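# Architecture and fold: a report
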Amino acid sequence: PTPIIIDCDPGHDDAIAILLALAHPEQLDLRGITTVGGNQILDKITDNALKVLSFVNADIPVAKGAEGPLFGKLVTGAEAHGESGMDGPLLPASKFRPVQQGAVEFMLDIIRSSEEKITLVPMAPLTNIALLITAYPEIKERIEQISLMGGGIAYGNVTSTAEFNIYVDPEAARIVFESGIPITMSGLDVTNRAAIYDEEIAQLKERGPVSNMVGELLDFYSIYGKKMGYSGSALHDPCAVAWLLHPELFQSRELYVTVETEGKLTRGMTVADQRTNPAAPANVKVLVDVDREAFLRLIFDALAKLDGE
Ligand code: BDR
Ligand code: CA
């Protein structure tokens, strides 16, 4: 199996992404989870990660990372994810605690001690990853690739040009995009197409406890989506995991992408050079479409597996 580290801020869709990875131990070896301030403050989203793991009895080490972006103050996603960062189901208190180590040292140890190169799967502001590769640039060679959720080459969600994970810490995102590490980007172009609709959410709630819990997560999450004018709920973060499991479900384009950190209207925008003669060689595989039905089947099957079906 591919050794991975998930960097996240659960977050409704983060939780589903974690469950999707946990359901496929034969393909993905989840070595650890790191957390970063994003959808909510660090303590809340770390507790959410631990609760999700406890719910399915998965004793995966969790390390707390940065409380906020490299510069400036944290902007949270509380509007979409609620006061707890993962409002909806009432989950039992966590049985697990975070490890003592901070996220950067934790990732460093895993990467250094692993025989195989590690794949990073960030689905939150890229602060932890930027800190890691800035402090220990030699580690880049030991990172196989980065499959991240963030950005978009057509439009944003926080602003007309910037997607949340990039918007929260554009300087960190720029460091990561310009790192030279191979990147696959699940941005809004693909993640908004990876949507789940109300009648499908209802089906989840007729199944076992894990499926039902995810159904309750999505009930809450879809309220905000509807307020924003979407008919379905975008399963953003699970795309970054699904691509590792089934790349054939996705359409992609190889492009040169970097991050705008200054523009008044464009701070946090992932800028893709889509000219036939781009100024620099492609550094990112940009996912642009997904077989939605097959993707949903993957999620449903993963949850059924965790339900013991
Ligand atoms: C991203 O922002 C967060 O709210 C979600 O968890 C996802 O990672 C979507 O823009
Ligand atoms: Ca997230």
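Residues numbered from 1 in each chain as written. Chains lettered and ligands numbered in written order. Predicted model: local features only at pLDDT ≥ 70, side-chain atom pairs only at ≥ 80, totals over all residues.

Side chains of strand E6 (residues 183–186) alternate between two faces, with Ile183 and Met185 and Thr184 and Ser186 buried alike. Bridge count for E6 against strand E11 (residues 284–290) is three bridges, and the pairing is parallel. If you follow Thr184 over to E11, its bridge partner there is Lys285. (Buried ≥ 20, exposed ≤ 12 C-beta atoms within 10 Å, placed from the backbone. Helix = DSSP H or I, 4+ residues; strand = E, 2+ residues; numbered from the N terminus. Pairing = 2+ DSSP bridges.)

Our next topic: the site of ligand 1. The environment of ligand 1 is made up of 15 residues, and the closest members are Gly11, Asp13, Gly77, Phe164 and His236. Those elements giving two or more residues to the shell around ligand 1 turn out to be helix H1 (12–22) and helix H6 (164–168). A breakdown of the residues in the shell around ligand 1 according to their chemical character gives five nonpolar, six polar and four charged. (Near = placed C-beta within 6 Å. Nonpolar A, V, L, I, M, F, W, Y, C, P; charged D, E, K, R; others polar.)

Within the UniProt annotation, "domain: Inosine/uridine-preferring nucleoside hydrolase" (unreviewed entry) is assigned to residues 4–296. A helix fraction of 36% and a strand fraction of 19% characterise residues 4–296, whose end C-alpha atoms lie 22 Å from each other. (UniProt positions renumbered as here; feature names shortened; annotations may be inferred.)

Omega for the peptide link from Pro10 to Gly11 comes to 0 degrees, which places this bond in the cis form. Inspection of the secondary structure puts Gly11 in the loop between strand E1 (2–8) and H1. Located in the positive-phi region is Asn57, a residue other than glycine, with phi close to 60 degrees. Assignment of secondary structure puts Asn57 in the loop between helix H2 (42–55) and strand E3 (62–64).

Attention now goes to the pairing of strand E4 (residues 118–122). Of all five residues in E4, five are buried; the element is thus mostly enclosed. On E4, burial covers both faces: Ile118, Leu120 and Pro122 on one face and Thr119 and Val121 on the other are all buried. Pairing geometry for E1 and E4, over four bridges, is parallel. Paired with Ile6 across the strands is Val121, a residue of E4. Examined bridge by bridge, E4 and strand E5 (residues 143–149) share three bridges and lie parallel to one another. Each residue of the ladder has a partner; that of Leu120, found in E5, is Ile146.

The end-to-end C-alpha distance of H2, which contains 14 residues, comes to 20 Å, matching closely the 20 Å that a straight helix rising 1.5 Å per residue would cover. Here H2 has its buried residues at Leu42, Lys44, Ile45, Thr46, Asp47, Asn48, Ala49, Leu50, Lys51, Val52 and Leu53. In this structure, the buried residues of H2 make contact with E1, H1, strand E2 (28–35) and E3. The positive-phi residue at the C-terminal boundary of H2 is Asn57, with phi of around 60 degrees. (Expected span 1.5 Å × (residues − 1). Contact = placed C-beta atoms within 7 Å.)

What follows is about the packing of H1 against helix H12 (residues 292–306). Contact geometry for H1 and H12: axes closest at 9 Å, N-to-C directions at 70 degrees. Viewed along their axes, H1 and H12 adopt a mutual orientation that is roughly perpendicular. Here H1 runs over H12; the crossing is left-handed. Along the contact surface, H1 presents Ile16, Leu19, Leu20 and Leu22, while H12 presents Ile299, Ala302, Leu303 and Leu306. The residue inventory of the contact of H1 with H12, partitioned by class, reads eight nonpolar, no polar and no charged. (Axes fitted to C-alpha atoms, helices over the stretch in contact; angles between N-to-C directions. Parallel < 35°, antiparallel > 145°, perpendicular 65-115°, else oblique. Left-handed = near helix turned anticlockwise from the far one by under 90°.)

Once that is clear, we can look at the environment of Ala63. Relative to the helices and strands, Ala63 is located in strand E3. Between the C-alpha atoms of Ala63 and Gln40, which are 23 residues apart in sequence, the distance is 16 Å. Apart from the residues within four sequence positions on either side, Ala63 is in contact with Gly32, Thr34, Pro98, Val99, Gln101, Gly102, Ala103 and Phe106.

Here we have nine strands laid out as an open sheet, ordered E3-E2-E1-E4-E5-E6-E11-E9-E10, and mixed in their pairing. Here the strands that pair on one side only, and so sit at the sheet edges, are E3 and strand E10 (270–273). Averaged over all pairs of adjacent strands, the angle between their axes in this sheet comes to 30 degrees, without regard to strand direction. Examined bridge by bridge, strand E9 (residues 250–259) and E10 share four bridges and lie antiparallel to one another. Note on E10: the bridge partner recorded for Tyr256 is Asp273. The strands touched by helix H7 (residues 170–177) are E5, E6, E9 and E11; relative to E9, the strand with the most contacts, the crossing angle is about 115 degrees.

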